[in-house]
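Architecture and fold: a report
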Amino acid sequence: AIDIFNKDFVIGIRRLTVSTCGIIPQINRLAQLDFQPTLAISLHAPNHELREELMPVEKKYPIDELMNALKNYVGNTGRRITIEYTLIKGFNDTVECAKELPKLLIGLKANINLIIYNPNDKDNFEKPDKVSVQKFKYILEQSGKKVTIRLERGSDIDAACGQLSNKYKN
């Protein structure tokens, strides 16, 4: 797909992003290619225990092994990666998580993209308040990482990230 977008659609390789939940063999494979798109990792937690609650992939590809693969990717490519982190009220938006995340990312050239959780009727998670989001961002920035907060779009019509697919699973 990367090759098709790059050659057939003439999209520059540095304008392409591969987003993954952390399939380590494929990250390692991508690191060996002659061309490297931007790599985005859906992390969503700063440790094994929390990530395992959110993401089944954590059972097969634990966070410590994932960090090694990401460091290998950055080392081989020289490219900065993007860490995707969805903030969930009272679950992974705590001060403790904000302090733990930069420690996990030590030695990794990475930007952090914070995503505000979009509530749906499939779970009991809640959207964090703006103060919590800003506090989390501030703590991360103190570690020297570039941090952005993704703009919220579509939640007013249940079409934001994670919401639309849930409507069709009924």
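Each remark here, short or long, concerns the structure printed above.
Now for a description of the structure that goes with this document. (Residues numbered from 1 in each chain as written. Predicted model: local features only at pLDDT ≥ 70, side-chain atom pairs only at ≥ 80, totals over all residues. Heavy atoms only, no water.)

Section: the packing of aromatic side chains
Just so we agree on the cut-off: Classification of ring pairs rests on two measures: the distance between centres of Phe, Tyr or Trp rings, Trp counted by its six-membered ring, which must be within 6.5 Å, and the angle between planes, read as stacked under 30 degrees, edge-to-face over 60 and tilted in between.
If you walk through the whole model with that rule in mind, you get four aromatic pairs. Members of the aromatic cluster, connected to one another through ring pairs, are Phe91, Tyr117 and Phe125.

Examining the packing of helix H2 (residues 24-32) against helix H5 (residues 63-77)
For any two helices packed against each other, the geometry is given by the interaxial angle and the distance between the axes. Filter applied, for reference: Axis angles are defined between N-to-C directions and span 0 to 180 degrees, where every axis is a line fitted to C-alpha atoms and, for a helix, only to the segment in contact. Each helix is a run of DSSP H or I of at least 4 residues and each strand a run of E of at least 2, with the numbering of both proceeding from the N terminus. Should an angle fall under 35 degrees it is called roughly parallel, over 145 degrees roughly antiparallel, and 65 to 115 degrees roughly perpendicular, with every other angle called oblique. Whether two residues are in contact is decided by their heavy atoms, any of which lying within 4.5 Å being enough. As a working rule, the residues Ala, Val, Leu, Ile, Met, Phe, Trp, Tyr, Cys and Pro are called nonpolar, Asp, Glu, Lys and Arg charged, and the rest polar, with Gly in that last group.
At their nearest, the axes of H2 and H5 sit 9 Å apart, and the two run at 10 degrees to each other. As summarised for this structure, H2 and H5 are arranged roughly parallel, according to the angle between their axes. Mapping the contact onto sequence places Ile24, Ile27, Asn28, Leu30, Ala31 and Gln32 in H2 and Glu65, Leu66, Ala69, Leu70, Asn72, Tyr73, Asn76 and Thr77 in H5. Of the residues assigned to the contact of H2 with H5, the class counts are eight nonpolar, five polar and one charged.

Digging into the side chain of Thr77
The condition is simple: Burial classification: accessible surface area is computed with a 1.4 Å probe over protein chains only, and a residue below 20% of its type maximum counts as buried, one above 50% as exposed, and the rest as partly exposed.
As for its placement among the helices and strands, Thr77 is situated in helix H5. Accessibility expressed as a relative area gives 17% for Thr77, which makes it buried.

Here we look at the environment of Ile116
With respect to the secondary-structure elements, Ile116 resides in strand S4 (residues 110-116). Taking the C-alpha atoms as reference, Ile116 lies 9.1 Å from Asp129; in sequence the two are 13 residues apart.

Keep in mind these values describe shape, not function.
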